[in-house]
Amino acid sequence: METDCTRGEAPVNNAPIGPIGPPAALPAGTRLLHIGPHKTGTTAIQGALFAAKDQLPAHGVVFPATSRHPMEAALAACARPAMMGDTAPTEKHWTRLLQQVEATGSRTSVISSEFFADAPDDETIARIVEQLGGERVHILVTLRPIARIMPSQWQQYVQNGLRMGYEDWLDHMFRKAPYEKPNPSFWRRHRHDRLVERWIRAVGADRVTVVVVDDRDRDGLMRTFEALLGLPEKLLQPVPDTANRSLTLAETEMLRKLNVEFRGNGLPDELYSKLVRNGAVMHMKNACSPTEADVKISTPAWAVEAAGRVGAEMAERIGAMGVRVIGDPALLSALPVIPTQPGPPSAEARIAPEVAAQALYGALAAAAAAPVRHTAEAKARTVHQTSSKELVRVLGHRCLKKLRRR
């Protein structure tokens, strides 16, 4: 079935579109706004820029944010909600970043957050550009093939409370109009031609650069940023970040089933943020490294092919927009060799005991900062006299109450 997301099934022309080669440096004083989107190397770039923060000014470049990723500022600028249960961003976060950018004066500055890709409309985008410096702003978009983004984006949604399995989720994204449930942000971010088009309307095609990331060249994105910013080669270096690694299939399935129980018991979102995402999941990521034996999230062949068709259409449209393209747009429609499996993802998901133990410990460690005291109500009934569903709800609310006090 042809959809708005998968239309355009003519044979793919894999010839490169647009100029390919080392990019020329942007004019001095440019305010480079890297808008992602998600899963296109943003975390690696942000980590490298932040690690080199003190070295950049010697080359006329400033990284104005006080953290690796000014996520709260970007969310506030785009009027988007925080991650499930996190503290809502405020205008103060955005105002503080604007002040830091303004303080860079006439030097080149670079701001990076994939959440700018979530800007809801042209008015919001125009306001962001104007507040960051108007004509000094240059937009940088980094792109990867949709087929490579899908499994990583799904498990990220699961880390934010999603309960839907991978194949069911893919079915909704590609086959069930209007292709917005359960995650309307997916195509907002990853229909890349429309993303580029939205920002062109704010700054013009001559102030937009699209970088097609080649996963075979691990350092390519770092070298591209160096060239655009006029930095010495190899100044930007990868920074290991285990906390940002993707979950394995087993880890994701364990978390997804926990999400089902969490929602089914009506626990508050703030508890999920503190004990699950920033407790169990974060500790599990830091303490356990994936091995060759871990089953990867595998994409059905039909979805890989659908993603390739979308990629071909996006590459063709971006190539006709007049923006500078760095890299080979044909990569966006190439069909990567991705392991496929006939059954549902959960069929092969087996969580190792040590991984489960680390996740449980992470949740307990997060809760330990706010020990629950026994109340008269709790003493009136024993645990054996209380249903498990009610017990989980009561304990959850008590933990949350203590966390809020702290």
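That block above? That's the structure.
Keep in mind that this is a model prediction, so the values were computed, not measured. (Residues numbered from 1 in each chain as written. Predicted model: local features only at pLDDT ≥ 70, side-chain atom pairs only at ≥ 80, totals over all residues. Heavy atoms only, no water.)

Ordered by their spatial adjacency, 6 strands build an open sheet running β2-β3-β1-β4-β5-β6, and the pairing between neighbours is parallel. Two strands close off the open sheet at either side, each with one partner strand: β2 (61-62) and β6 (324-326). When strand β5 (residues 208-212) meets β6, the two strands line up parallel, connected through 3 bridges. Its bridge partner lying in β6, T209 is registered against R324. In the packing of helix α8 (residues 192-203) onto the sheet, contacts are made with β1 (31-34), β4 (137-143) and β5, and the angle to β4 comes to roughly 175 degrees. (Pairing = 2+ DSSP bridges. Helix = DSSP H or I, 4+ residues; strand = E, 2+ residues; numbered from the N terminus. Contact = heavy atoms within 4.5 Å. Axes fitted to C-alpha atoms, helices over the stretch in contact; angles between N-to-C directions.)

This next bit is on helix α4 (residues 122-132). Because an α-helix completes one turn every 3.6 residues, residues spaced three or four positions apart along the sequence face the same direction. Turning to α4, its buried residues number three or more, namely T124, I125, I128, V129 and L132. Along the long axis of α4, the arc covered by the buried residues comes to 135 degrees, so they all point the same way. Exposed residues pointing more than 90 degrees away from the buried face of α4 are listed as E123 and E130. Among the structural elements, β1, α2 (71-77), α3 (91-102), β3 (108-112), β4 and α8 are those in contact with the buried residues of α4. Positive backbone phi, at 135 degrees, marks G133, one or two positions downstream of α4. (Buried < 20%, exposed > 50% of the residue type's maximum accessible area, 1.4 Å probe, protein only. Arc of directions from axis to C-beta.)

All chains considered together, the criterion is met by 10 aromatic pairs. Taking 6.3 Å as the distance between ring centres and 70 degrees as the angle between the ring planes, the aromatic pair formed by F50 and F63 counts as edge-to-face. Taken as a pair, F50 in helix α1 (residues 42-51) and F63 in the loop between β2 and α2 lie far apart in primary sequence, 13 residues in all. The class for F50 is partly exposed, based on a relative accessible area of 32%. Classification of F63 by relative accessible area gives buried; the value is 2%. Here the aromatic rings of Y157 and W169 are separated by 6.0 Å at their centres, their planes lie at 50 degrees, and the arrangement is tilted. (Phe/Tyr/Trp six-rings, centres within 6.5 Å; stacked < 30°, edge-to-face > 60°.)

What follows deals with the packing of helix α6 (residues 166-175) against helix α12 (residues 301-319). At a minimum axis distance of 11 Å, the contact between α6 and α12 shows a crossing angle of 35 degrees. For the pair α6 and α12, the crossing hand works out as left-handed. Of α12, the residues touching α6 (which contributes L170, D171, F174 and R175) are W302, A303, A306, A307 and V310. When its residues are assigned to classes, the contact of α6 with α12 shows 7 nonpolar, no polar and 2 charged. (Left-handed = near helix turned anticlockwise from the far one by under 90°. Nonpolar A, V, L, I, M, F, W, Y, C, P; charged D, E, K, R; others polar.)

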